Amino acid sequence: MDALKAAGNEAVRQGNYTSAIDLYTQALSSIDKNMVDDLAALHSNCSFAHLKLGQHPEALDQANKCVSVKPDWSKGHFRCGEAYFALQDYAAAAESYEKALSLSPDDQTIKRRLSLTQEAIEGFYFRQLLPGRDFCLTPSDIIERQIFSSARQMQNFIYLVGDAKTREAVVIDAAWDVKGIKAFAAQDSIKLVGAVVTHYHFDHTGGTPPPPFDAFGIKVPGVRELAVEDSVPVYVNKFDAEIIKQSNNVPAASIVEIEDSATISVGSVKLHFIHTPGHTPGSQCILVPRPSQDILLSGDTLFIGSCGRLDLPDCDVKAMYTSLQKKLASLPDNTRVYPGHDYGGPYTTIADERRKGFLRPVSERDWLLQHKM
Ligand SMILES: [Zn+2]
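Note that this is a predicted model, so its numbers are computed, not measured. (Residues numbered from 1 in each chain as written. Predicted model: local features only at pLDDT ≥ 70, side-chain atom pairs only at ≥ 80, totals over all residues. Heavy atoms only, no water.)

**Student:** Would you explain the overall build of the protein chain in this entry?
**Tutor:** When its secondary structure is counted, the protein chain shows 15 helices and 14 strands. Considering only C-alpha atoms, the protein chain reaches an extent of 85 × 45 × 35 Å along its principal axes. Burial analysis of the protein chain (373 residues in total) assigns 52% to the buried set. For the protein chain, the exposed surface amounts to about 16700 Å²; the carbon and sulfur share of it is 52%. Taking the 38 positively charged and 46 negatively charged side chains of the protein chain as two groups, their mean positions are separated by 3 Å. (Helix = DSSP H or I, 4+ residues; strand = E, 2+ residues; numbered from the N terminus. Buried < 20%, exposed > 50% of the residue type's maximum accessible area, 1.4 Å probe, protein only. Areas by Shrake-Rupley, 256 points an atom, 1.4 Å probe, with all protein chains shown as cover. Lys, Arg positive; Asp, Glu negative; His and termini not counted. Charge placed at Lys NZ, Arg CZ, Asp CG, Glu CD.)

Printed below as a string of C-alpha cells:
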C-alpha cells in the first residue's frame, strides 16, 4: 500500500492526476480498513486529484469518504469545502471550511478560502493590484527585471472586477506582468473573461513604450498576451482602438470597440462605460453599480487631487473640462473612485474630489486659462 501511495503522490507532483487516481484506488482496495490515517489520507489525495481534473462530484465523493473515516481531521472537511466551492455550492463550502477551521483554528489557507466563500455568497469580486505588492514580484530574466522596476516606479493600479459566484472577472488595464496577474486570479479561483482598457497608453495596455522606456527594444506584456493566449476580448473605446491595434499588435478580431454609455456584463455584475476624452481621445471610465456605493474606475482621467496629464500630443484640455465637470462631477457623492495610478492612496470619492480635487466647480474659461499650454 505504501509503495502505491508514494507512486500516487509522485504522479500528483508530475501533474499526472489520472495515474495518481489509479494508484490511490489500487491502494484503497488493498488497505486494511483499520488503518484509519492511511485510509483518510488516500481519500483526501484522491479528492485533490479529481479536483485538479475538474471532476468535482468525484472530488466531493472522496472528500466525504475521508470525513466519514476520520471525522476529527481538519483536512477532510477542507477537501469537502474545496469540492463544494468548485461545484459553486458556497453555503455548503462555508459549512465545511468552518468545520475545518474549528479543528485547525490557525490554518491561514482555510481562513483565506472561507473568506473567498463568504465573498462568493455576497456575489461581488473586486481587487486592486499594485506592482511589487501583488504582481511584478520575481523577475525571471534581466528584461523582466527592467519591466518590473519600471512598473514599480509608475505605480499603475490594475483591477479585477467580476462575479464572485460564477468566478469570472475582467482585468482592467492589464500591463507589465500578465503572468503575475493571471497567477493572482488563479489563486482566487477566478477565470479572466475579458480585458478592459481605460486608454491606450502603454502602462495601461502593454506594447511598445515611448522613449526612454523603449531602450533595448523592450516590449511590455499586456492586453495582446491576454487576447492571443487566452482568447479574451479586449474592450477599448473606439477612439483609442486603432492605436492599440498598431502599437500593441492586438488582433483586430479580439478588439471590441466601445461607445459612450455602453454596458457589458460579467456574470451578474454590470460595467457601464463613460467616454471621458481629454487625457487621450478614447479615455473611458467604468462605473460599476453596487447596492451601497457605486464604484468608478477612473483610469488616468481623475486622480486623488488631480487629473491625468494634459501636455501630451493628443491631449485635449477642453475635452477634459467637459469630462470632469459635465460627466464625472454629476455622479452620486458617495461613488468610490479607483484611479489608474497610486498617486497618494488607493481611492477617493466624487464628494471629496468635488470639494478639494479636480471636480471643484470652475468655469470653462478659468479652466482653459489654468491649463493653457
Ligand atoms: Zn495615461
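**Student:** Would you mind showing me how to read the coordination of the zinc ion here?
**Tutor:** Summarising the metal site, the zinc ion is bound by the protein donors H199 (NE2), H201 (ND1), H279 (NE2) and D300 (OD), whose distances to it range over 2.2 to 2.3 Å. Here the zinc ion is ringed by four donor atoms whose angles at the metal span 87 to 175 degrees, and the overall shape comes out irregular. Mapping the donors of the zinc ion onto the primary sequence yields the spacing H-x1-H-x77-H-x20-D. With H199 in the loop between strand 4 (191-196) and helix 10 (202-205) and H279 in the loop between strand 8 (269-275) and strand 9 (284-288), the pair connects residues that are 80 residues apart, well separated along the chain. H199 sits in the buried class, given a relative accessible area of 1%. (Donors = N, O, S within 2.8 Å, 3.2 Å for Na, K, Ca; no water. Tetrahedral: all angles 85-135°; square planar, octahedral: opposite > 155°, others 65-115°.)

**Student:** Where do I start with the UniProt feature "repeat: TPR" (unreviewed entry) in the protein chain in this structure?
**Tutor:** Summarizing the sequence annotation, UniProt attributes the feature "repeat: TPR" (unreviewed entry) to residues 74-107 in the numbering used throughout. As annotated, residues 74-107 has a helix share of 79% and a strand share of 0%, and its two end C-alpha atoms lie 10 Å apart. (UniProt positions renumbered as here; feature names shortened; annotations may be inferred.)

**Student:** Hey, could you run me through the packing of aromatic side chains in this one?
**Tutor:** Any two aromatic rings considered together are summarised by their centre-to-centre distance and by the angle between their planes. Per the stated rule, a full pass over the model turns up 13 aromatic pairs. Geometrically, the ring pair formed by Y17 and F48 is edge-to-face, given 6.4 Å between the ring centres and 75 degrees between the ring planes. One end of the pair, Y17, is in helix 2 (residues 17-30); the other, F48, is in helix 3 (residues 36-52), and 31 residues separate them in sequence. By relative accessible area, Y17 is classed as buried at 17%. Ring centres 5.6 Å apart and planes at 70 degrees place the aromatic pair W176 and F202 in the edge-to-face group. Within this pair, whereas W176 is found in the loop between strand 3 (168-172) and helix 9 (178-187), its partner F202 is found in helix 10, the two being separated by 26 residues in sequence. Look at W176 and you get buried, because its relative accessible area is 2%. Taken together through their ring pairs, the aromatic side chains of F124, F126, F157, Y159, Y338 and Y347 make up a single cluster. Taking NZ or CZ as reference, R336 lies 3.7 Å from the ring centre of Y347, over its face. (Phe/Tyr/Trp six-rings, centres within 6.5 Å; stacked < 30°, edge-to-face > 60°. Lys NZ or Arg CZ within 6 Å of the ring centre and 35° of its normal.)

**Student:** Honestly, the pattern of salt bridges in this entry has me stumped. Any pointers?
**Tutor:** Pairing of side chains with opposite charge becomes possible as their charged atoms draw close. Applying the stated rule across the entire model yields 21 salt bridges. The closest approach of N and O atoms between K245 and E257, which form a salt bridge, is 3.6 Å. On the criterion of sequence distance, the pair formed by K245 in helix 12 (residues 238-248) and E257 in strand 6 (residues 255-258) is long-range, its members being twelve residues apart. According to the relative accessible area criterion, K245 is partly exposed, its value standing at 21%. Overall, E257 belongs to the partly exposed group, its relative accessible area being 44%. With a closest N to O distance of 2.9 Å, R309 and D311 form a salt bridge. Residue classification places D311 among the partly exposed positions, given a relative accessible area of 48%. Overlapping salt bridges bring together R112, E119, R127 and D188 as one network. (Salt bridge = Lys/Arg side-chain N within 4 Å of Asp/Glu carboxyl O.)

**Student:** Sorry if this is basic, but what is going on with the sheet that holds strand 1 (residues 124-129) here?
**Tutor:** Across a sheet, strands are paired by hydrogen bonds formed along the backbone, either parallel or antiparallel in direction. Spatially, the six strands line up as an open sheet ordered 1-2-3-4-5-6, and their pairing is mixed. Each end of this open sheet is capped by a strand with a single partner; those strands are strand 1 and strand 6. On average, each strand axis in the sheet is inclined to that of its neighbour by 25 degrees, with strand direction left out of account. Summarising the sheet, strand 1 and strand 2 (residues 158-163) pair through six bridges and their orientation is antiparallel. Looking at strand 2, one finds that R127 is bridged to L160. (Pairing = 2+ DSSP bridges. Axes fitted to C-alpha atoms, helices over the stretch in contact; angles between N-to-C directions.)

**Student:** How should helix 11 (residues 223-230) be read in this particular structure?
**Tutor:** In an α-helix, one turn spans 3.6 residues; hence positions three or four apart end up facing the same way. Within the sequence span of helix 11, burial applies to V223, L226 and A227. Around the axis of helix 11, the buried residues are gathered within 95 degrees of arc, so they sit on the same side. Residues of helix 11 that are buried in the fold lie against strand 3, helix 9, strand 4, helix 10, strand 5 (234-237) and helix 12. At the C-terminal side of helix 11, S231 shows a positive phi close to 55 degrees. (Arc of directions from axis to C-beta. Contact = heavy atoms within 4.5 Å.)

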